Amino acid sequence: MYLTSKMKKIFALFLFLTFALSLVTPVFAQESDDSKDNDSKKVRSNICANISNRLSNLDKKLSDRFNELKERKTTRKSELQTKWDKYVEERKAKRDERKTNFDEHIAKLNLRATTDAQKQAIVAFQTAVQNAVSARRAAVDLANQTFHKAAQVEWDKMKSAIDAAYPTFESAVKTATAKAKADCPTATDQKAVKDALSVSIKSARDAFEAATKSAKDSFKTAFENLKTVRKSSAEKARADFKAAIEKAVADLKLVFGENNSTDKSSDSENENGSAN
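Parameters at a glance
- Residues numbered from 1 in each chain as written.
- Predicted model: local features only at pLDDT ≥ 70, side-chain atom pairs only at ≥ 80, totals over all residues.
- Heavy atoms only, no water.
- Helix = DSSP H or I, 4+ residues; strand = E, 2+ residues; numbered from the N terminus.
- Contact = heavy atoms within 4.5 Å.
- Areas by Shrake-Rupley, 256 points an atom, 1.4 Å probe, with all protein chains shown as cover.
- Salt bridge = Lys/Arg side-chain N within 4 Å of Asp/Glu carboxyl O.
- Buried < 20%, exposed > 50% of the residue type's maximum accessible area, 1.4 Å probe, protein only.
- Core = buried A, V, L, I, M, F, W, Y, C linked by side-chain atoms within 4.5 Å.
- 1 Å grid on protein atoms, 1.4 Å probe; cavity = no way out; pocket = protein on both sides within 12 Å on 5 of 7 lines; lining within 4 Å.
- Points joined across faces, edges and corners; volume = space filled by probe spheres on them.
- Nonpolar A, V, L, I, M, F, W, Y, C, P; charged D, E, K, R; others polar.
- Axes fitted to C-alpha atoms, helices over the stretch in contact; angles between N-to-C directions.
- Parallel < 35°, antiparallel > 145°, perpendicular 65-115°, else oblique.
- Phe/Tyr/Trp six-rings, centres within 6.5 Å; stacked < 30°, edge-to-face > 60°.
- Expected span 1.5 Å × (residues − 1).
- Polar contact = N/O pair within 3.5 Å; in protein donor to acceptor, adjacent residues only side chain to side chain.
- pLDDT = per-residue confidence, 0-100.

A. Just the overall build of the protein chain, in detail. Scanning the protein chain from N- to C-terminus turns up four helices and zero strands. Each helix (α) and strand (β) of the protein chain, taken in turn from the N terminus, gives the series α-α-α-α. Considering only contacts within the protein chain whose residues lie at least 6 apart along the sequence, 86% involve residues at least 24 apart. As displayed, the protein chain offers around 18800 Å² of accessible surface, 57% of which is attributable to carbon and sulfur atoms.

Laid out in structure tokens, this is it:
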């Protein structure tokens, strides 16, 4: 079949367009590849920037959290010392009050004494009670002071252990973050970098929390043991005091005789004395 002149022109134009398109297509393809590569780099850059920003915020949060923890420990220790000082003041006030009451009781007994034997019995009674009170106070004060000082030592040990654990935690976090920042720009899988960072930080945090818990548990155990020892010492002091007071009252009754008035005075003294 023969082509007309018009058809030949159309066919030639078609061939020309086909040839031109074949030249342009590689250029478009190259531009598309470059665009995808640029987009990939941009996404990678954004991910790394996000990681960097989050790590910067993390450093600040960790620093703030540790400073808060240290301040809380310092405040708590100060509160405990204030509470102890208040206890000492209140105890002294109560002791002074009971001494006044005891002196008044002795004065009343002296008004009732009609013989030298009774007066001597009152002096002996007064001396026996004062000795019992002094012995008990000395034992109780020693037990309290020993407890207080030992508790302070245990508190400082706990605080030191926690303070020592934090630099290890901080160092582990900084090492992990530095590695993430270095790996991210060239890594083919930024998610893997992010996941590895999360695992490292969690491991460091778990180790820090374990060290903190261990320090706190050790303090609690030591503190409970100290309380037990103090309680045992106080109970012995009370038992010795009670025995001494009962004997002093019994000796006084022998001289004054068994009567309600003397018993009441003796019981009152026993109550005042045993509360010291």
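B. Molecular detail of the pattern of salt bridges. Evaluation of the coordinates by the stated rule reveals 14 salt bridges. Across the pair R95 and D141 runs a salt bridge whose closest N-O atoms are separated by 3.0 Å. Here R95, found in helix 1 (residues 5-112), pairs with D141, found in helix 2 (residues 116-183); they are 46 residues apart in sequence, far enough to count as distant. Its relative accessible area of 12% is what places R95 among the buried residues.

C. Broad picture of the nonpolar core. Counting residues in hydrophobic clusters, the biggest one holds 16 residues, and the most contacted among them are I106, L109, I122, F125, V129, I245 and L252. Contributing elements (two or more residues each) for this core: helix 1, helix 2 and helix 3 (190-256).

D. Representation of the layout of surface pockets in the model. A volume near 520 Å³ is recorded for the largest pocket. Along the walls of the largest pocket sit 17 residues, with L80, F147, H148, A151 and F223 positioned nearest its centre. Secondary structure elements with two or more residues in the lining of the largest pocket: helix 1, helix 2 and helix 3. Sorting elements by how many residues they give to the lining of the largest pocket places helix 1 first, with seven residues. Across the lining of the largest pocket, the residue classes tally to eight nonpolar, three polar and six charged.

E. Molecular detail of the packing of helix 2 against helix 3. Following both chains from N to C, one finds helix 2 and helix 3 inclined at 180 degrees, their axes separated by 9 Å at the closest point. In terms of their interaxial angle, helix 2 and helix 3 are classed as roughly antiparallel. Here the contact of helix 2 with helix 3 is built from residues that sort into 44 nonpolar, six polar and eight charged.

F. Structural view of the packing of aromatic side chains. Applying the stated rule across the entire model yields eight aromatic pairs. Geometrically, the ring pair formed by F102 and F125 is tilted, given 6.4 Å between the ring centres and 45 degrees between the ring planes. With F102 in helix 1 and F125 in helix 2, the pair connects residues that are 23 residues apart, well separated along the chain. Judged by its relative accessible area of 7%, F102 falls in the buried class. Of the residues examined, F125 reaches a relative accessible area of 2% and is grouped as buried.

G. Molecular detail of helix 3. With 67 residues, helix 3 extends 97 Å from end C-alpha to end C-alpha; this agrees with the ideal 99 Å at 1.5 Å per step. Where helix 3 starts, the residue carrying a side-chain oxygen 3.1 Å from the main-chain nitrogen of K191 turns out to be D189. Of the residues trailing helix 3, G257 is marked for its positive phi of about 90 degrees.

H. Focus on the environment of D183. For D183, the location among the structural elements is in helix 2. Residues D183 and V193 lie ten residues apart in sequence; the distance between their C-alpha atoms is 7.0 Å. In this structure the side chain of D183 is engaged in a polar contact, spanning 2.6 Å, whose partner is the side chain of K179.

I. Spotlight on the confidence of the model for the protein chain. The share of residues in the protein chain with pLDDT of 70 or more is 74%, and the mean pLDDT across the chain is 78. Mean pLDDT in the protein chain bottoms out at helix 4 (residues 260-274), which sits at 39, and peaks at helix 3, which reaches 92. Under a pLDDT of 50 for its full length, residues 13-17 has, in the predicted model, zero contacts with residues more than four places off or in other chains. The model gives residues 23-39 a pLDDT under 50, and that stretch makes zero contacts with residues more than four places away or in other chains.

J. Examining the environment of V133 more closely. Relative to the elements of secondary structure, V133 occurs in helix 2. Judged by its relative accessible area of 11%, V133 falls in the buried class. A C-alpha to C-alpha distance of 9.3 Å links V133 and A244, two positions 111 residues apart in sequence.

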